[in-house]
Amino acid sequence: MKSRTFLFLQGPASPFLRLLAEAIEKKGASVKKIGVCLGDLVFWWPRESDFFRDRNDKWPAYLECYIRDHNITDIVMLGDGRRTHAAAADIGIRGDFASTSWNTVI
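All figures in this text were calculated on a predicted structure; none of them were measured in a lab.

Asks: Help me understand the overall build of the chain in this model?
Replies: From N to C terminus, the chain includes four helices and five strands. When the helices and strands of the chain are placed in sequence order, the string is β-α-β-α-β-α-β-α-β. Residue pairs at least 24 apart in sequence account for 66% of intrachain contacts in the chain once pairs closer than 6 positions are excluded. Just so you have it, the chain exposes about 6200 Å², and 53% of that area is on carbon and sulfur atoms.

In structure tokens:
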């Protein structure tokens, strides 16, 4: 698991994703987080995260660059009904990043 990097997007309004991230790190993987609203940061605190603050139509390109730049191998999110998650699921399904093996957790 040491060569894997998990990207956390939005989850339930609880500390569940933060606790899951801590468990994943204990197994040796890396964890990144992108917040898109204040609630994302509240339940992730005190961990660091990146925050997307651009227009909605910029999200897919931002996410693709982020995944490539951080060598993301796995995406963790709750459902694919949110626009941010739908874009992430599309990117994961395509799996068109040469150095990435995709395991999308929905």
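Asks: Is there a simple way to think about the packing of aromatic side chains in this case?
Replies: The description of an aromatic ring pair uses the distance of the two centres, along with the angle that the planes make with each other. Considering all chains together, one arrives at five aromatic pairs under this definition. With centroids separated by 5.5 Å and ring planes inclined at 45°, the aromatic side chains of Phe8 and Trp44 adopt a geometry described as tilted. With a gap of 36 residues between them, Phe8 in strand E1 (residues 5-8) and Trp44 in helix H2 (residues 38-44) connect regions that are remote in the sequence. Taken together, Phe52, Trp59, Tyr62 and Tyr66 form an aromatic cluster joined through their ring pairs. One cation-aromatic arrangement involves Lys33 over Trp44; the distance from NZ or CZ to the ring centre is 5.6 Å.

Asks: Honestly, the side chain of Asp40 in this entry has me stumped. Any pointers?
Replies: Relative to the assigned elements, Asp40 resides in helix H2. The charged side chain of Asp40 is buried without a salt bridge, its nearest counter-charge being Lys33 at 4.3 Å. Contacts of Asp40, omitting those with residues within four sequence positions, involve Gln10, Lys33, Ile34 and Gly35.

Asks: Sorry if this is basic, but what is going on with helix H1 (residues 16-26) here?
Replies: In an α-helix, one turn spans 3.6 residues, which is why side chains three or four residues apart end up on the same side. Of the positions making up H1, those classed as buried are Leu17, Arg18, Ala21 and Ile24. Projection of H1 onto a plane perpendicular to its axis shows the buried side chains occupying an angular sector of 120°, all on one side. Contact partners of the buried residues in H1: E1, strand E2 (30-35), H2 and strand E4 (74-76). Once H1 ends, the next one or two residues include Gly28, with phi positive near 105°.

Asks: Explanation requested: the nonpolar core in the structure shown.
Replies: The tendency in soluble globular proteins is for nonpolar side chains to be buried side by side. Ranked by size, the top nonpolar core spans 15 residues in total, and within it Leu7, Leu9, Ile34, Trp59, Leu63, Ile67 and Ile75 carry the most contacts. In this structure, Leu7 is in contact with Lys32, Lys33, Ile34, Leu63, Tyr66, Ile67, Ile72, Asp74, Ile75 and Val76, ignoring residues within four places of it in sequence. Phe8, Leu17, Ala21 and Val76 belong to the second-largest nonpolar core, a separate cluster that totals nine residues.

Asks: Would you take a moment to explain the side chain of Asp74 for this structure?
Replies: Structurally, Asp74 can be placed in strand E4. At 2.8 Å, the side chain of Asp74 and the side chain of Arg4 are in polar contact. Polar contacts involving the side chain of Asp74 include one to the side chain of Thr73, which spans 2.6 Å.

The rules we used
- Residues numbered from 1 in each chain as written.
- Predicted model: local features only at pLDDT ≥ 70, side-chain atom pairs only at ≥ 80, totals over all residues.
- Heavy atoms only, no water.
- Helix = DSSP H or I, 4+ residues; strand = E, 2+ residues; numbered from the N terminus.
- Contact = heavy atoms within 4.5 Å.
- Areas by Shrake-Rupley, 256 points an atom, 1.4 Å probe, with all protein chains shown as cover.
- Phe/Tyr/Trp six-rings, centres within 6.5 Å; stacked < 30°, edge-to-face > 60°.
- Lys NZ or Arg CZ within 6 Å of the ring centre and 35° of its normal.
- Buried < 20%, exposed > 50% of the residue type's maximum accessible area, 1.4 Å probe, protein only.
- Lys, Arg positive; Asp, Glu negative; His and termini not counted.
- Salt bridge = Lys/Arg side-chain N within 4 Å of Asp/Glu carboxyl O.
- Arc of directions from axis to C-beta.
- Core = buried A, V, L, I, M, F, W, Y, C linked by side-chain atoms within 4.5 Å.
- Polar contact = N/O pair within 3.5 Å; in protein donor to acceptor, adjacent residues only side chain to side chain.

Keep in mind these numbers describe shape, not what the thing actually does.
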